[in-house]
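Geometric and topological summary
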Amino acid sequence: MAAILAFGAHPDDIEFGCGGTLRKLIEKGWSAVHVCVTSGEAGSSTIDRATLAATREQEALRAAEVLGSERVHFLRAADGLTHYSRDHKIAVINLIREVRPEILFVHSSSDQFPDHKLIHELVMSSVAGAAGPWYQESIGEPHLAGTILGYEVWHPLNTFQLSVDITTTVERKLAALRCHQSQIESTHYDEASLGLARYRGVMSFSSTHAEVFEVLRTSLNLPEGLA
């Protein structure tokens, strides 16, 4: 079974950025693993960090179940992190080598939200590390994902190379995103996500709803479900 590995800085980023595409691929038989680098414990001014982290991890588990993904891995880096460590990099390398994804999703290179930007750098650095015979403390055999796609969350992509029709899966994407009640109670990210998908679908002249991606790496032929 072909594998997908999706990284998000916070527990709701994956659902927002690529949830419709993930569901579309899962329906075609792909397996998917989510990685939340932080537990989003800084995402409230009224809920204490420990309670919020536990809440958001449970929300992430429910959202992944809605999409049909196999599991969620929590790295539990500090929310609002200003740098990543070698330990973080080894953890990501280990996950890449364990899951051995054909498709890898991550924040786009143009997302300027600080956490998202840093996680993009961490993952892309780890992709290179996972592909070679380095980092003796890491586990598993070297692996390089054939397709790496950058998704949009806070900062819509000015240019993109791939548009995926999610007309048939947009409602499942929204259902997954609405599992993150701690976040959408005050700010309706679900409505924003639906509006963005509608805009992308109409403006790409291909569908009623779409997700678009920065192509960071690809083989000669895109995997079935993306082309």
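Our structure is the block above this text.
Before going into details, it helps to say that this report is about the structure given with it. (Residues numbered from 1 in each chain as written. Predicted model: local features only at pLDDT ≥ 70, side-chain atom pairs only at ≥ 80, totals over all residues. Heavy atoms only, no water.)

**Here we look at the overall build of the protein chain**
We apply this condition: Segments assigned H or I by DSSP are reported as helices when at least four residues long, segments assigned E as strands when at least two residues long, and all are numbered from the N terminus. In this treatment the radius of gyration is a C-alpha quantity, and the globule benchmark scales as 2.2 Å times the residue count to the 0.38 power. Partly exposed describes any residue whose relative accessible area lies between the buried limit of under 20% and the exposed limit of over 50%, with all areas from a 1.4 Å probe on protein chains only and scaled to the type maximum. Any two residues having at least one pair of non-hydrogen atoms within 4.5 Å are treated as being in contact.
Counting its regular elements, the protein chain contains seven helices and seven strands. Along the chain direction, N to C, the helices and strands of the protein chain fall in the order β-α-β-α-β-α-β-α-β-β-α-α-α-β. What you see for the protein chain is a C-alpha radius of gyration of 16 Å, in line with the 17 Å of a compact globule of 227 residues. Over its C-alpha atoms, taken along the principal directions, the protein chain stretches across nearly 50 × 50 × 30 Å. The proportion of buried residues among the 227 residues of the protein chain is 55%. Long-range pairs, those at least 24 residues apart, make up 80% of the contacts in the protein chain between residues at least 6 apart in sequence.

**Details of the environment of Ile93**
Turning to its location among the elements, Ile93 is positioned in helix 3 (residues 86-99). The exposure class assigned to Ile93 is buried, which follows from its relative accessible area of 0%. Taking C-alpha positions, Ile93 is 9.0 Å from Pro142, a pair spaced 49 residues apart along the chain. Leave out the neighbours within four places in its chain, and Ile93 touches Ser126, Gly129, Ala130, Tyr135 and Ser138.

**Observations concerning the nonpolar core**
Counted only if it meets this: Side-chain atoms within 4.5 Å link the members of a nonpolar core, which is a set of buried Ala, Val, Leu, Ile, Met, Phe, Trp, Tyr and Cys residues.
Within the largest apolar cluster, 28 residues are counted, with the highest numbers of intra-cluster contacts made by Ile4, Leu22, Phe105 and Phe213. Those elements that provide at least two residues to this core are strand 1 (3-8), helix 1 (13-27), helix 2 (49-67), strand 4 (103-107), strand 5 (147-151), strand 6 (162-165), helix 5 (170-177) and helix 7 (189-203). In terms of residue count, the dominant contributor to this core is helix 1 (six residues). Among all residues touching Phe213, those that are not within four sequence positions of it are Gly17, Cys18, Thr21, Phe105, Leu149, Gly150, Tyr151, Leu157, Phe160, Gln161, Leu162 and Val164. Leu5, Ala9, Val127 and Ala130 belong to the second largest nonpolar core, which has 27 residues in total.

**Let's talk about the packing of aromatic side chains**
Note the following rule: Classification of ring pairs uses Phe, Tyr and Trp, with its six-membered ring standing for Trp, and accepts pairs whose centres are within 6.5 Å; under 30 degrees between planes counts as stacked, over 60 as edge-to-face, and the remaining range as tilted.
In this structure the tally under the stated criterion is three aromatic pairs. On the numbers, 5.5 Å between centres and 50 degrees between planes, the contact of Phe105 with Phe213 is tilted. Taken together, the residues span a long stretch of sequence, with Phe105 in strand 4 and Phe213 in strand 7 (residues 210-217) at a distance of 108 residues. Note on accessibility: Phe105 and Phe213 belong to one class, buried. Between the aromatic rings of Trp154 and Tyr189, the centroid separation amounts to 6.1 Å while the plane-to-plane angle is 75 degrees, which identifies the pairing as edge-to-face. Taken as a pair, Trp154 in the loop between strand 5 and strand 6 and Tyr189 in helix 7 lie far apart in primary sequence, 35 residues in all.

**Remarks on empty space enclosed by the protein**
Defined as follows: Both cavities and pockets are sets of points on a 1 Å grid over the protein atoms alone; in a cavity a 1.4 Å probe fits but cannot get out, in a pocket the set is open with protein on both sides within 12 Å along at least five of seven lines, and lining residues sit with an atom within 4 Å of a point. Grid points are joined across faces, edges and corners, and a volume is the space filled by probe spheres set on the points. Residues are grouped as follows: nonpolar covers Ala, Val, Leu, Ile, Met, Phe, Trp, Tyr, Cys and Pro; charged covers Asp, Glu, Lys and Arg; every other residue, Gly included, is treated as polar.
Tallied over the full model, the rule gives one cavity of 30 Å³ or more. There is about 60 Å³ of room inside the largest cavity. Around the largest cavity, the lining residues are Phe16, Gly17, Glu152, Lys173, Ser193, Leu196, Ala197, Ala210, Glu211 and Val212. Broken down by secondary-structure element, the contributors of at least two residues to the lining of the largest cavity are helix 1, helix 7 and strand 7. Partitioned by chemical class, the residues of the lining of the largest cavity number five nonpolar, two polar and three charged.

**Brief notes about the pattern of salt bridges**
Spelled out, the test is: Salt bridge, as used here, is a side-chain nitrogen of Lys or Arg placed within 4 Å of a carboxyl oxygen of Asp or Glu.
Summed over the entire model, instances satisfying the criterion amount to nine salt bridges. Residue Glu137 is joined to Arg86 by a salt bridge in which the shortest nitrogen-to-oxygen separation is 2.9 Å. Here the residue Glu137 occupies a position in the loop between helix 4 (114-130) and strand 5, and Arg86 occupies one in helix 3, the gap between them amounting to 51 residues. Using a relative accessible area of 42% as the deciding quantity, one classes Glu137 as partly exposed. We note a salt bridge from Asp190 to Arg178, for which the minimum N-O separation is 2.8 Å. Note that Asp190 is positioned in helix 7 and Arg178 in the loop between helix 5 and helix 6 (181-184), a separation of 12 residues in sequence. Take Asp190: its relative accessible area is 8%, and that puts it in the buried class.

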